[in-house]
Amino acid sequence: MTEVAGARELSKEALLDAYRTMRTIREFEERLHTEFATGEIPGFVHLYAGEEAIAAGVMAHLDENDYVASTHRGHGHSIAKGCDVKGMMFEIYGKDEGICRGKGGSMHIADLDKGMLGANGIVGGGPPLVCGVGLSTKVRGTKQVGVSFTGDGGANQGTFLESLNLAAVWELPVIFVVENNGYAESTSRDYGVAVDSYVDRAQGFGIPGVTVDGTDFFAVHEAAGAVIDRARNGGGPSLLECEMVRFFGHFEGDAQTYRAPGEVDDLRATRDCIVRFRTQVVDAEVVTDDELDAIDEEARALIETAVDEATAAPVPELDELLTDVYVSY
Amino acid sequence: MTEVAGARELSKEALLDAYRTMRTIREFEERLHTEFATGEIPGFVHLYAGEEAIAAGVMAHLDENDYVASTHRGHGHSIAKGCDVKGMMFEIYGKDEGICRGKGGSMHIADLDKGMLGANGIVGGGPPLVCGVGLSTKVRGTKQVGVSFTGDGGANQGTFLESLNLAAVWELPVIFVVENNGYAESTSRDYGVAVDSYVDRAQGFGIPGVTVDGTDFFAVHEAAGAVIDRARNGGGPSLLECEMVRFFGHFEGDAQTYRAPGEVDDLRATRDCIVRFRTQVVDAEVVTDDELDAIDEEARALIETAVDEATAAPVPELDELLTDVYVSY
Amino acid sequence: MARTITMRQAINEALDQEMTRDPSVICMGEDIVGGAGSPGEDDAWGGVLGVTKGLYAKHGDRLLDTPLSESAYIGAAIGAATCGLRPVAELMFIDFMGVCFDQIYNQAAKFRYMFGGKAVTPVTIRAMVGAGLRAAAQHSQMLTPVFTHIPGLKVVCPSTPYDTKGLLIGSIRDDDPVIFCEHKAMYDMEGEVPETSYSIPLGEANVVREGGDCTIVAYGLMVHKATEAAETLASEGVECEVVDLRSLSPLDLDTVIESVEGTGHLVCVDEANPRCSIAADVSAQVAQHAFGSLRAPIAMVTAPHTPVPFAPGLEDAYIPDAARVAKAVRSTVATGA
Amino acid sequence: MARTITMRQAINEALDQEMTRDPSVICMGEDIVGGAGSPGEDDAWGGVLGVTKGLYAKHGDRLLDTPLSESAYIGAAIGAATCGLRPVAELMFIDFMGVCFDQIYNQAAKFRYMFGGKAVTPVTIRAMVGAGLRAAAQHSQMLTPVFTHIPGLKVVCPSTPYDTKGLLIGSIRDDDPVIFCEHKAMYDMEGEVPETSYSIPLGEANVVREGGDCTIVAYGLMVHKATEAAETLASEGVECEVVDLRSLSPLDLDTVIESVEGTGHLVCVDEANPRCSIAADVSAQVAQHAFGSLRAPIAMVTAPHTPVPFAPGLEDAYIPDAARVAKAVRSTVATGA
Ligand SMILES: Cc1ncc(C[n+]2csc(CCOP(=O)(O)OP(=O)(O)O)c2C)c(N)n1
Ligand SMILES: Cc1ncc(C[n+]2csc(CCOP(=O)(O)OP(=O)(O)O)c2C)c(N)n1
Ligand SMILES: [Mg+2]
Ligand SMILES: [Mg+2]
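The model shown is predicted, which means the values in this text are computed figures rather than measured ones. Every chain is numbered independently, its residues counted from 1 as its sequence is written. Chain letters start at A and ligand numbers start at 1, both assigned in the order the entries are written. Whole-chain, interface and lining totals are the exception, using all residues; otherwise, since this is a predicted model, local features are given only for residues with pLDDT of at least 70 and side-chain atom pairs are given and counted only at 80 or more. Side-chain metrics in this entry use all non-hydrogen atoms of the structure; hydrogen atoms and water are not considered.

(A) Quick peek at the overall build of chain A. A helix here means a DSSP run of H or I that spans at least four residues, while a strand means a run of E at least two residues long, and both kinds are numbered starting from the N terminus. Secondary structure assignment for chain A yields 13 helices and 7 strands. Both definitions apply: the radius of gyration is a C-alpha atom measure, and the globule rule equals 2.2 Å times residues to the power 0.38. In terms of overall dimensions, chain A is globule-like: its C-alpha atoms have a radius of gyration of 19 Å, near the 20 Å expected for 329 residues. With the principal axes as the frame, chain A shows a C-alpha extent of 55 × 50 × 40 Å. Within chain A, the proportion of its 329 residues that are buried is 66%. What makes two residues a contact is simply this: any of their non-hydrogen atoms within 4.5 Å. Of all intrachain contacts in chain A linking residues separated by at least 6 positions in sequence, the fraction that spans at least 24 positions is 73%. All accessibility values rest on the Shrake-Rupley procedure with a 1.4 Å probe; residue burial counts only the protein chains present in the view. As displayed, chain A has an accessible area near 10,800 Å², and 49% of this comes from carbon and sulfur atoms. For the purpose of charge, His is not counted, nor are the chain termini; Lys and Arg are scored as positive and Asp and Glu as negative. A single reference atom marks each charge: NZ on Lys, CZ on Arg, CG on Asp, CD on Glu. Distance from the positive charge centre (27 side chains) to the negative charge centre (56 side chains) of chain A: 3 Å. Classification of residues uses two cut-offs on accessible area relative to the type maximum, computed with a 1.4 Å probe and protein chains only: under 20% is buried, over 50% is exposed, and between them is partly exposed.

(B) Fine view of the packing of helix H5 (residues 85-92) of chain A against helix H13 (residues 289-312) of chain A. Residue and element names in this part refer to chain A. At their nearest, the axes of H5 and H13 sit 9 Å apart, and the two run at 40° to each other. Between H5 and H13, the angle is such that the two are oblique. Considering the relative orientation of H5 and H13, their crossing is right-handed. Of H13, the residues touching H5 (which contributes Val 85, Lys 86, Met 89 and Phe 90) are Leu 302, Ile 303, Thr 305, Ala 306, Val 307, Glu 309 and Ala 310. Each residue is assigned to one class: nonpolar for Ala, Val, Leu, Ile, Met, Phe, Trp, Tyr, Cys and Pro, charged for Asp, Glu, Lys and Arg, and polar for all the others, Gly among them. Of the residues in the contact of H5 with H13, the class split is 8 nonpolar, 1 polar and 2 charged. An axis is simply a line fitted to the C-alpha atoms; with a helix, the fit covers only the stretch in contact. Between two such axes, the angle follows the N-to-C directions and lies from 0 to 180 degrees. Roughly parallel covers angles under 35 degrees, roughly antiparallel covers those over 145, roughly perpendicular covers 65 to 115, and oblique covers all other angles. Here a crossing is taken to be left-handed if its near helix is turned anticlockwise relative to the far helix by less than a right angle, and right-handed if that turn runs clockwise.

(C) Geometry of the coordination of the magnesium ion (ligand 4). Residues and elements named next belong to chain B. Looking at the magnesium ion (ligand 4), one finds its protein donor set to be Asp 152 (OD), Asn 181 (OD1) and Tyr 183 (O), positioned 2.0 to 2.1 Å from the metal centre. Only nitrogen, oxygen and sulfur atoms qualify as donors, provided they sit within 2.8 Å of the metal or within 3.2 Å for Na, K and Ca; with water excluded from the atoms, sites may seem incomplete. In the primary structure, the donors to the magnesium ion (ligand 4) are separated according to the pattern D-x28-N-x1-Y. Of this pair, Asp 152 sits in the loop between strand S2 (146-151) and helix H7 (158-169) while Tyr 183 sits in strand S4 (residues 183-184); the two residues are 31 residues apart in sequence, bridging distant segments of the chain. As far as the burial class goes, Asp 152 and Tyr 183 line up, both buried.

(D) Spatial organisation of the relation of the copies chain D and chain C. Copy-to-copy alignment: least squares on C-alpha atoms, limited to residues at pLDDT 70 or above in both. When chain D is brought onto chain C, the operation consists of a screw motion whose angular component is 180° and whose axial shift is 0.0 Å, with 0.0 Å RMSD remaining. A rotation of that kind, with that shift, is consistent with a two-fold axis. Looking at chain D, 100% of its interface residues are interface residues in chain C too, so the copies touch through the same face.

(E) Spotlight on the domain arrangement of chain C. All names here are of chain C. For chain C, the assigned domains read domain 1 (2-194) and domain 2 (206-335). As annotated, the domain borders come from an automatic or database domain assignment. The gap between the C-alpha centroids of domain 1 and domain 2 is 27 Å. Between domain 1 and domain 2, the residue contacts involve 25 residues of the former and 25 residues of the latter. Buried area counts how much accessible surface, traced with a 1.4 Å probe, disappears from two parts once they are put together, with both parts' losses summed. Contact between domain 1 and domain 2 buries roughly 2,000 Å² in total, counting both sides, with carbon and sulfur atoms accounting for 61%.

(F) Spatial organisation of the coordination of the magnesium ion (ligand 3). For the magnesium ion (ligand 3), the full set of protein donor atoms is Asp152(A) (OD), Asn181(A) (OD1) and Tyr183(A) (O), and the range of their distances to it is 2.0 to 2.1 Å. Owing to a relative accessible area of 9%, Tyr183(A) belongs among the buried residues under this scheme.

(G) Focus on the pairing of strand S5 (residues 124-129) of chain C. Residues and elements named next belong to chain C. The buried count for S5 comes to 6 of 6 residues, which makes it a mostly enclosed element. Taking every second residue as pointing to the same face, both faces of S5 are buried, with Thr 124, Arg 126 and Met 128 on one and Ile 125, Ala 127 and Val 129 on the other. A strand pair is defined by DSSP finding two or more bridges across the two strands. Across 4 bridges, the pairing between strand S4 (residues 86-93) and S5 is parallel. Across the sheet, Phe 93 pairs through a bridge with Met 128, a residue of S5. Two elements, S5 and strand S7 (residues 178-183), share 6 bridges in a ladder whose sense is parallel. The residue of S7 that forms the bridge with Met 128 is Glu 182.

(H) Examining the interface of chain D and chain C more closely. Chain D puts 56 residues into the contact, and the matching count from chain C is 56 residues. Both sides together, the interface formed by chain D and chain C hides about 4,600 Å², and carbon and sulfur atoms give 63% of it. Its largest share of buried area at the contact with chain C, chain D owes to His149(D), Arg275(D) and Phe291(D), together 17% of the area lost on that side. Arg275(C) serves as the salt-bridge partner of Asp281(D), at 2.8 Å between the closest nitrogen and oxygen. Polar contacts here mean pairs of N or O atoms no more than 3.5 Å apart (in protein, one a potential hydrogen donor and the other a potential acceptor; neighbouring residues in sequence count only if both atoms are side-chain atoms). Scanning the region where chain D abuts chain C turns up 28 residue pairs in polar contact (both at pLDDT 80 or more). Those elements giving two or more residues to the side of chain D that touches chain C turn out to be helix H4 (101-108), helix H5 (111-114), helix H6 (144-149), strand S12 (247-249), helix H10 (278-289) and strand S14 (299-302) of chain D. Top element by residues in the side of chain D that touches chain C is H10(D). It accounts for 8 residues. Here the residues of the side of chain D that touches chain C are counted per class, giving 34 nonpolar, 16 polar and 6 charged. The working definition used for a salt bridge is a side-chain nitrogen of Lys or Arg within 4 Å of a carboxyl oxygen of Asp or Glu.

This is the structure in structure tokens:
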């Protein structure tokens, strides 16, 4: 019932946008999973499937002037923040027209024009950077906010913990989203952390927080809206913990024997944020199945084209090796 | 009254030992302050005067098999942990017979045979090391504990915060003492931290804690006894926050204009842990003024000799420059 | 008896044998066991590329998974080393050193000196180095020069399974802190390795190929590029002597100089970035101590002064290859003939 | 108009003028104002050695004291640089880089390359380097080679108040991350400095003394040791050309080579530890690119491969001095004559 209520509070356009974002991410990730198996995709690839509601629910409150610092598992954040999907696919294939000219790959997708400060190969790399975003908006008196995403494992990194303190002390317009999917690589969240909640931890630094079910788009959307609003209006930083599920391995190629047998099938059957969203909005009678099917098809076609074009696209010229080290030398 | 009660619980020998420790530290530091002004003492010197009750109160529960990691303000911890006082003085003067052969100086006084893992020039350097102490005792099934000292400023360093988590997760026999003297260099503790208590912060990591008045030896002694006992008997880590006062500048040469006018005089008049201890034990009628005066004299004589000998002592031979880099090369 | 095993197996065997031999040896790192606290298998990963797989079954709690906090657990390994253990800590990718470098260079490396010789810190820090896995700028660095610069640290980077086993055992037994660099593109490389335990002392280079025309100094993966180049050159009538440094600190300069005295020509190969690199270091020391033996300019073949690019073609161009080494040799040999 | 001021004042003036000129310039660091939140004076310290004293009175909240958390605030400076500010962050002692190095070399240094040229990161990180203040092993390092090794970082280390002001202004205006190294033993050194604002571009060495017999390459405090040696040698009839690198990355190799072509002899002086040092780097590059001009072995005069000792006599022996430089010059000139 509440879920239906949540669905009724958003405009139809907003609902369709959110669905499009989540569906595009899911399609992107499922397809990468398949393509990776063929051996066509180089490097380490960490998929966001199952976690889409967080990226969509948070980013719905941001515009291009707001900045986001992502993680190694960055495709979802990038798509939701408005990065060009084809450009991302080209990047992951290491092609010249990639969003980073093929120089970054999956772990370093960034587009500063869109406010995407980058996926990050270093766990805990992002939180200090986002404090800088908050500082820059304070110094200039603008209304931008910065959002950093950190996993349940990354929330044990000193850089993250120091950033909580700095943001609290300087009252920065910054939101720390903790994406708690229960695992850091193969290690259980409960092995790496001795307390139940990251919110308690944040409170020990003077940062208020809230925990939501990250498979419920509306819960994420509402909580994110509140903390982003507060930050934007001078109310300081917050922590938003999202409990969520990871549908694939830590990275592609992970046999996942550390998970319970049947765990992923169960999660897919019972905790799929996209299925849940669909049920919510259709039950609320604000969107029809047909409308959502059309978006499914749109997403499918987009990713299909993206993969086709990416595989066919030219690789960077070799002299690109030596460019972009300095602005001026 | 309670103060008197506290004094009555300890043996006379323990009380005299505690007084001797505190008095020796005070004498050491006051004398260094004077000597530094003459220009005879090289380098950066951070004095512990005013904070003696913490070193004495904590170390009373440790023996040579327990390990301590100290800070840049390490003289007090070293003396209380049993380092040779003359050797320390020689070291601070950069002499060959110094406890570190003159190679370390004030900021690196260490004696592993006494369980002193070193003063540390890096704020936050010690807490991870002490986790290693705890790990080593767990792996070997011994009963040793590790104690790290960190200032109110240092408690914002990522290394300290990560160590809280590691100790909690591994349930290490480790105690984190936060020496809260209100300042990190010239910066107020309240500028650097957005919460009232470091105990709350530790709880966010799953570590229990307690705050005591660090100018009350008996309060420190009792609280430290409890947490060290718990750690020694498999009960895991704790944090002990001591509120305390610094009688000198951050380092020698500091004009301290960031302090309120008269602040230090007030503190010396009202919050001197040694004066308080003396009153407590004499009021409790367990120790006489004469007995304490004798210790004062003893401490004075010891430091006097230490300074005399240190100034006269030979400096290291120049070929010492190249020794001790590796055990084997 | 020697059998053919991979470098991955050689590391695993070295750890296994040292843990069996010495109860003070423990291993720790993120996911080095894998599955800690998780509902599935306990010994699930054995490290991110499976190097420590199976050790948990044999040694149990002396292998510890850690929370994601490199400063805390690398520091804990160092602290434990100062009070009697002999920990082997895995940093996973050497690229992560930036979040815990203080514990390594200001603590472990300096204790002995700062404390007037009284501390020993027998810790070994294992980490993957090098490019070639399309792992991009933050997972492909060498960074060997950064550690080599620091007095008090020993730095090892083996090129064969045989050396890997012996040098890892040597590192664990060494009483100084050692940075043990494993090239991730070489884990599947095979070679003959004795089953029994043996230790190779740190600080001894290995002449892996003899030749009188030009000395090529290399380490890690680059030894193989150097050897490949040497084979090509042999067919052109140019005989190269390939010196595998094995240990970057301490450095066996004597072996390098002896070789240069014989050949009069020197090419230094390094997968690290060029500035202040191992290649530069060896070149400079030879230019100072064996200048008279040099008959031509010293050549350095290194990665360019850029981060490691992701795109496979660019990454391949980034890594020094046999062709570039051969070209450098040809040019120096031609000059000084 | 030029007046005589100290290096400390030159830094202060450069910061002052840039903050006045460009509202996007901010300064941050531990105690760079001093007294934040404390009951006494607000602007109490101006940094641990008083370098930023007085700037708060003029620029107020654009100078920020920070909590004791280098990763967080250095990272914040870097993050702010990517979105439009031009922060100058003070790391206090360069020795503290170990607790925040990741933000510097994996983040700031690599953004531009990893992101395909789209990011600019105009951050300047000021830090004190060098020995001489009896500050011992963890407060006296150079570490300049560590930063120089990393592609994407620029590294500057001035030797005079004049250069300090111009290079600091140049660094702040530069769109790349710059590590600006201030030798703490030189803060009181005086020199002529124009009152007006001026910028010295990064990557240009300076020939501070001309001479035809031997080239001495140095930077920072060592420039003065080199010049002192050159003066002694001049009285012996040996004329040295002293090249002050000023910027270690980018490196002005052309100026070095041009000088060596004239003199045929090279001595590289570096206060850093020897392995993979700046001295080694310059030596190696000359041995590769100007070998033909060399008439004798290249000599390196550096600190030993040890941490910095505390005892004054040992520390003085640690730091390269004019006598050692002169000796190296005499020996190379004698050899190649
Ligand atoms: C500093 C650092 N340490 C370790 C790693 C290796 N690593 C990459 S992802 C990861 C686990 C991250 O877990 P979490 O933060 O929960 O994010 P998730 O993968 O679950 O999204 C680890 C250990 C790294 N990239 N950087
Ligand atoms: C990593 C690091 N950052 C900064 C410093 C410089 N520094 C030395 S002591 C100090 C303040 C420490 O304050 P606190 O932890 O409260 O200890 P206190 O001096 O009050 O005993 C600072 C900033 C340092 N030594 N190491
Ligand atoms: Mg996770
Ligand atoms: Mg303090």
